[in-house]
Amino acid sequence: MEDKQQKSSDHGHNDEFSIGKSAQERGLPYVPDCYVIPPSERPDENTETSKDVPVIDISGLRSTPHERSLVVKDIGVACRQKGFFQIINHGISQSVLDEAITAASNFFELPKKYKQEFMSNDVAKPVRYGTGLKDGCDVVQFWRIFLKHYAHPLEKWIEYWPLNPPDYREKMAHYAVNVRNVAMEVMGAITESLGLGNSYMSEELEDGMQVMAVNCYPPCPQPDRVLGLPPHTDYSCITILLQTGQGLQVISTNEEEWRLIPDNHGVLHVHVGDFLEVLSNGLYKSVLHRATLNSEKTRYSIASLHSLGMDEKVETAKELVDEQHPKGYKGSSFRDFLKFLSTNDIAEGSSFIKNLKIKS
Ligand SMILES: O=C(O)CCC(=O)C(=O)O
Ligand SMILES: [Fe+2]
């Protein structure tokens, strides 16, 4: 994912952009020059909302073998044709979703002193807070505040999570555990759709990493000149995204244009990530996406990224390699990604997955 752009912004945070207020209420007349991105990279305000987002009822995965096979097929088609899909009847109650978002927004609204202790530009830190909102910068910045933390195994990492707001750990953990169960179920369906069986990676995923990127995008006075997050693909097998309001844009596998993703209450959005592209030998492509802004309302998102263990390499499934489809990718681990990130700037277009491609 993005990240490296924080190298010069982690120290220069600015919470004076009070989060709950619209840009006008905060009296912000314009976006500082340092945030303004070149015209070719600016979001177009007329970007169409994607009309054919696959919405999949995953309760069928727990139903009869016939029902399950239909859902598996739909998931496979969505991964191949789009690189993303949305899920309903995922089994996570609305209150768990809402409480995770409330915990996130309460964290971001805390006074600076509670957040500062988590600030770091060390991308390998298990808990990290950062913001692109700063004055006097001389590089392209992004209009986002984030808290990232590892979440699995929960008992190992939760003690590093913020103690404030007091219910942050409880509420976020509740969501983390639930969304991880959904991720395991969806990954089983994905490997099944590839003809590898539903338990192909379940053991490795059991010991895998879960990183939660908790994002906050304050209202922006000129949302057409700046982005919340630059275009990137995720360093995961899959990412599950919970969002409040529209802002996510994607370029699906079968299109060339940016499309806005609708946000429907209670729906979770699933992205194919880099490691799944490697595993599937490019049958399923990790999806390019970015976060855009609005001038009215703070938007929150919680991205839960699921991959294998820190040193467990994801290799292309040998079942998907033959003479017509030679192995297209080098194997890689989460640690390999962190190493890549520490020397490459994803905000400037570096791409982990491109780096893994074997040139033919
Ligand atoms: O906030 C969003 O819509 C996207 C977040 C995202 O892509 C990420 O955290 O990797
Ligand atoms: Fe992402």
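Only a predicted model underlies this, so the values are computations on that prediction, with no experimental measurement involved.

**Q** Looking at this structure, I do not really get the overall build of the chain. What am I missing?
**A** In terms of regular secondary structure, the chain is built from nine helices and 12 strands. The buried share of the chain, reckoned over its 360 residues, is 57%. Pairs at least 24 residues apart make up 78% of the contacts formed inside the chain by residues separated by at least 6 positions. Total accessible area computed for the chain in this model is approximately 15,400 Å², and 48% of it derives from carbon and sulfur atoms.

**Q** For this particular structure, what's the right way to read the UniProt feature "domain: Fe2OG dioxygenase" (unreviewed entry) in the chain?
**A** Per the UniProt entry, the sites bearing "domain: Fe2OG dioxygenase" (unreviewed entry) are residues 207–308 in this numbering. From the first C-alpha to the last, residues 207–308 spans 7 Å; its make-up is 6% helix and 42% strand.

**Q** What am I meant to see in helix α8 (residues 334–343) here?
**A** Since one α-helical turn is 3.6 residues long, residues separated by three or four positions face the same way. For α8, every residue scored as buried is listed here: Phe334, Phe337, Leu338, Phe340 and Leu341. The buried side chains of α8 occupy one side of the element, clustering within an arc of 160° when seen end-on. With respect to the buried face of α8, the exposed residues turned more than 90 degrees away are Lys339 and Thr343. Next to the buried residues of α8 lie β4 (145–150), β5 (209–217), α7 (274–279), β12 (299–307) and α9 (352–356).

**Q** It is not clear to me how the coordination of the iron ion (ligand 2) should be interpreted in this structure. Could you clarify?
**A** In a perfect tetrahedron of four donors around a metal, the angles come out at 109.5 degrees. In a perfect octahedron of six, they are 90 or 180 degrees. The coordination sphere of the iron ion (ligand 2) contains the protein donors His232 (NE2), Asp234 (OD) and His289 (NE2), at a distance range of 2.1 to 2.2 Å. Spacing between the donor residues of the iron ion (ligand 2) along the chain follows H-x1-D-x54-H.

**Q** Teacher, can you tell me more about the packing of helix α2 (residues 94–108) against helix α5 (residues 168–193) here?
**A** A pair of packed helices is captured by two measures, namely the crossing angle of their axes and the spacing between those axes. Running from amino to carboxyl end, α2 crosses α5 at an angle of 135°, the nearest separation of the two axes being 8 Å. The angle between α2 and α5 falls in the class oblique. As for how α2 packs across α5, the hand of that crossing is left-handed. Facing Val96, Leu97, Glu99, Ala100, Ala103, Ala104 and Phe107 of α2, the residues of α5 in contact are Tyr168, Lys171, Met172, His174, Tyr175 and Asn178.

**Q** I keep staring at the sheet that holds β4 and nothing clicks. Help me out?
**A** Within a sheet, each strand pairs with its neighbour through backbone hydrogen bonds, oriented either parallel or antiparallel. If you walk across this open sheet you meet the eight strands as β1-β2-β10-β7-β12-β5-β4-β3, and the pairing is mixed. Edge positions in the open sheet fall to β1 (55–57) and β3 (127–131), since each of these has one partner strand only. Here the average twist between neighbouring strands, direction ignored, is 20°. Sheet topology places β3 next to β4; five bridges connect them, and they run antiparallel. Bridging from a neighbouring strand, threonine 131 pairs with isoleucine 145 of β4. Across the sheet, α2 is in contact with β3, β4, β5, β7 (238–243), β10 (268–272) and β12; its angle to β12 comes to roughly 110°.

**Q** For this particular structure, what's the right way to read the pattern of salt bridges?
**A** When the charged atoms of two side chains lie near each other, side chains of opposite charge can form a pair. Scanning all chains against the criterion turns up 11 salt bridges. A salt bridge links lysine 171 to glutamate 99, with the nearest nitrogen and oxygen atoms 3.5 Å apart. Separated by 72 residues along the polypeptide, lysine 171 in helix α5 and glutamate 99 in helix α2 bring together distant segments of the chain. One salt bridge in this structure joins aspartate 336 and lysine 313, with 2.8 Å as the shortest N-O distance.

**Q** Looking at this model, I keep getting lost on the packing of helix α1 (residues 65–81) against α5. Mind explaining?
**A** Two numbers describe how α1 lies on α5: the axes approach to 8 Å, and their chain directions differ by 80°. What the angle tells us is that α1 and α5 run roughly perpendicular. Mapping the contact onto sequence places Arg68, Val72, Ile75, Gly76 and Cys79 in α1 and Gly188, Ala189, Ile190, Glu192 and Ser193 in α5. Taken together, the residues that form the contact of α1 with α5 break down as five nonpolar, three polar and two charged.

Cut-offs applied
Residues numbered from 1 in each chain as written. Chains lettered and ligands numbered in written order. Predicted model: local features only at pLDDT ≥ 70, side-chain atom pairs only at ≥ 80, totals over all residues. Heavy atoms only, no water. Helix = DSSP H or I, 4+ residues; strand = E, 2+ residues; numbered from the N terminus. Buried < 20%, exposed > 50% of the residue type's maximum accessible area, 1.4 Å probe, protein only. Contact = heavy atoms within 4.5 Å. Areas by Shrake-Rupley, 256 points an atom, 1.4 Å probe, with all protein chains shown as cover. UniProt positions renumbered as here; feature names shortened; annotations may be inferred. Arc of directions from axis to C-beta. Donors = N, O, S within 2.8 Å, 3.2 Å for Na, K, Ca; no water. Axes fitted to C-alpha atoms, helices over the stretch in contact; angles between N-to-C directions. Parallel < 35°, antiparallel > 145°, perpendicular 65-115°, else oblique. Left-handed = near helix turned anticlockwise from the far one by under 90°. Pairing = 2+ DSSP bridges. Salt bridge = Lys/Arg side-chain N within 4 Å of Asp/Glu carboxyl O. Nonpolar A, V, L, I, M, F, W, Y, C, P; charged D, E, K, R; others polar.

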